[in-house]
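Listed here are the chains, written in short residue letters.
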Amino acid sequence: MIEDIIKADDTFSESTFLSNVDHIFIMILNAIQNNNIEDVRHYLANDVYVNFNNMVSEYKSKNIKRLFDEMNVKTSRITGSMITDNFITIDVVLVSRYMDYFVNDKDKFISGVNDRRIEKTHKITLTKRRNAKHLEEARHCTYCGNVLDLNASGLCKFCRKPFKMEEYGYLITYIDEI
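Reading the values: rules and limits
- Residues numbered from 1 in each chain as written.
- Predicted model: local features only at pLDDT ≥ 70, side-chain atom pairs only at ≥ 80, totals over all residues.
- Heavy atoms only, no water.
- Pairing = 2+ DSSP bridges.
- Helix = DSSP H or I, 4+ residues; strand = E, 2+ residues; numbered from the N terminus.
- Axes fitted to C-alpha atoms, helices over the stretch in contact; angles between N-to-C directions.
- Contact = heavy atoms within 4.5 Å.
- Expected span 1.5 Å × (residues − 1).
- Buried < 20%, exposed > 50% of the residue type's maximum accessible area, 1.4 Å probe, protein only.
- Core = buried A, V, L, I, M, F, W, Y, C linked by side-chain atoms within 4.5 Å.

A. Local environment of the sheet that holds strand β3 (residues 109-129). Judged by pairing direction, the sheet is antiparallel, and its four strands sit side by side in the order β1-β2-β3-β4 without closing on themselves. Edge strands, defined here as strands with exactly one partner in the open sheet, are β1 (64-83) and β4 (171-175). Between one strand and the next, the sheet's axes are offset by a mean angle of 30°, whatever the strand orientation. Sheet topology places β3 next to β4; four bridges connect them, and they run antiparallel. When the bridges of β4 are listed, Thr 125 appears paired with Tyr 174. Contacting β1, β2 (87-104), β3 and β4, helix α2 (residues 14-33) crosses the sheet at an angle of about 150° to β1. Along the sheet, helix α3 (residues 46-61) makes contact with β1, β2 and β4, crossing β4 at roughly 65°.

Right, here's the structure in full:
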């Protein structure tokens, strides 16, 4: 399976790919607790973004915050792949551990688990265009030319235009409930 992915994507490295998935997953948890999914929008397919944005909007409307403490990824592994003429799709199972709880607008505990880490297993699917440009080429904003920091946000700090990850790398096209 990995050999087939490498044949379709000569820049693919399993360890780098899984490290990036782990990192993006933690960034998603941080974006949820910061009530700002925009920070990770460039890693998410539109329907995944809409689902997360709706979740955060619901929390805001109820004046609650969802918090994650002591987050980490225990393991992640590639469980499947599909290669077509146009796309490379990779399925990942990620096991994470964290405290997951809600607080009100006065930071008072409402519900959840805030006294120990719980372990959760997530299924994540990522998809990349076969003709995608190399991500190394994406260090400058295509709109204004300024340097991008993709770890901070998918928006250019200067012109506020979004980075289009789908032109360069893997997007999360499915993630089960967080």
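Moving on, there is more to tell.
B. α2, seen in detail. Between its first and last C-alpha, α2 extends 29 Å over 20 residues, near the 28 Å set by a 1.5 Å rise per residue. Looking only at α2, the buried set comprises Phe 17, Leu 18, Val 21, Ile 24, Phe 25, Met 27, Ile 28, Leu 29, Ala 31, Ile 32 and Gln 33. Along its buried surface, α2 packs onto α3, β1, β2, β3 and β4. Downstream of α2 by one or two residues, Asn 35 has phi in the positive range, about 55°.

C. A look at the nonpolar core. Counting residues in hydrophobic clusters, the biggest one holds 40 residues, and the most contacted among them are Phe 17, Ile 28, Phe 52 and Ile 178. Mapped by element, the contributors of at least two residues to this core are α1 (2-8), α2, α3, β1, β2, β3 and β4. Sorting elements by how many residues they give to this core places α2 first, with 10 residues.

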